[in-house]
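A look at the structure
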Amino acid sequence: MLVEDDFPLCGAWGWEGLLGVMNELERGRNASSGVPRKLGGFVGLWPHNPPYALPILTNTLRLYASTKSPLPSSLLRRPTDIIIQDCLLGADPLYRTPSMVITSRLIMDHIGGNASTATGRKYDLDKWRCGWRHPFHGRPEVFVVPV
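Reading the values: the criteria
Residues numbered from 1 in each chain as written. Predicted model: local features only at pLDDT ≥ 70, side-chain atom pairs only at ≥ 80, totals over all residues. Heavy atoms only, no water. Disulfide = S-S within 2.5 Å. Helix = DSSP H or I, 4+ residues; strand = E, 2+ residues; numbered from the N terminus. Buried < 20%, exposed > 50% of the residue type's maximum accessible area, 1.4 Å probe, protein only. Pairing = 2+ DSSP bridges. Axes fitted to C-alpha atoms, helices over the stretch in contact; angles between N-to-C directions. Contact = heavy atoms within 4.5 Å. Phe/Tyr/Trp six-rings, centres within 6.5 Å; stacked < 30°, edge-to-face > 60°. Lys NZ or Arg CZ within 6 Å of the ring centre and 35° of its normal. Salt bridge = Lys/Arg side-chain N within 4 Å of Asp/Glu carboxyl O.

**Some remarks on the state of the cysteines**
- Taken as a whole and judged by the stated rule, the model has one disulfide.
- Linked covalently through their sulfurs, Cys10 and Cys130 form a disulfide whose S-S length is 1.8 Å. What sets the handedness of the Cys10 and Cys130 disulfide is the S-S torsion sign, and at about -90 degrees it is left-handed. One end of the pair, Cys10, is in the segment before α1 (11–27); the other, Cys130, is in the loop between β2 (100–103) and β3 (142–145), with 120 residues separating them in the sequence.
- Its relative accessible area of 6% is what places Cys10 among the buried residues.

Right under this line is the structure:
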């Protein structure tokens, strides 16, 4: 699981939500092969991915960073966190299988919330904090763990 250092859990209910996401990720594992059907949980404002998703995400990010990338030159450059989100949503040209598990509300407090990796994007300090409705809640391609 990848976790940024400015995302503390939101108390006991945040921990319960995190356990719910991890349980759902493990429940989605293919019984015969052990390969997971769901590759990532998104519980804060950055996707958190079990170790088995890392090779996929690492290779995807390398392809985007490569000067000899097979991606079309017309593809817009995106920050790393947005590429990962798109991969887990099945909205990336290289990875079209949605596999994201989320909590209904954000269970991690983004203390660096006014900063963004996207050029020109700024957030208010009180946005995207503990208890906020998850921004992907309601999307059909995600599995929601209620908190």
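**Considering the sheet that holds β2**
- Reading across the sheet, the three strands line up as β1-β2-β3 and stay open at both edges, with parallel pairing between neighbours. If you trace the sheet from one side to the other, it starts and ends with β1 (40–42) and β3, each paired once. Direction aside, neighbouring strands of the sheet carry axes that sit 30 degrees apart on average.
- With four bridges connecting them, β2 and β3 associate as parallel partners. Bridge pairing links Val101 to Phe143 in β3.
- Packing against the sheet, α1 makes contact with β1, β2 and β3, and its axis sits at approximately 160 degrees to β2.
- Running at roughly 105 degrees to β2, helix α3 (residues 80–89) makes contact with β1, β2 and β3 of the sheet.

**Some words on the packing of aromatic side chains**
- Throughout the structure, instances matching the rule amount to zero aromatic pairs.
- The side chain of Arg105 reaches across the aromatic face of Trp13, ending 4.6 Å from its centre.

**Some words on the pattern of salt bridges**
- This structure, assessed with the given rule, holds five salt bridges.
- Residue Asp109 pairs with Arg129 through a salt bridge whose shortest N-O separation is 2.4 Å. Taken together, the residues Asp109 in the loop between β2 and β3 and Arg129 in the loop between β2 and β3 connect sequence positions 20 residues apart.
- We classify Arg129 as partly exposed; its relative accessible area is 23%.
- Glu141 serves as the salt-bridge partner of Arg139, at 2.8 Å between the closest nitrogen and oxygen.
- On the basis of relative accessible area, Arg139 is assigned to the partly exposed category, the value being 32%.
- Each of Arg78, Asp86 and Asp92 takes part in salt bridges that share partners, so that together they form one network.

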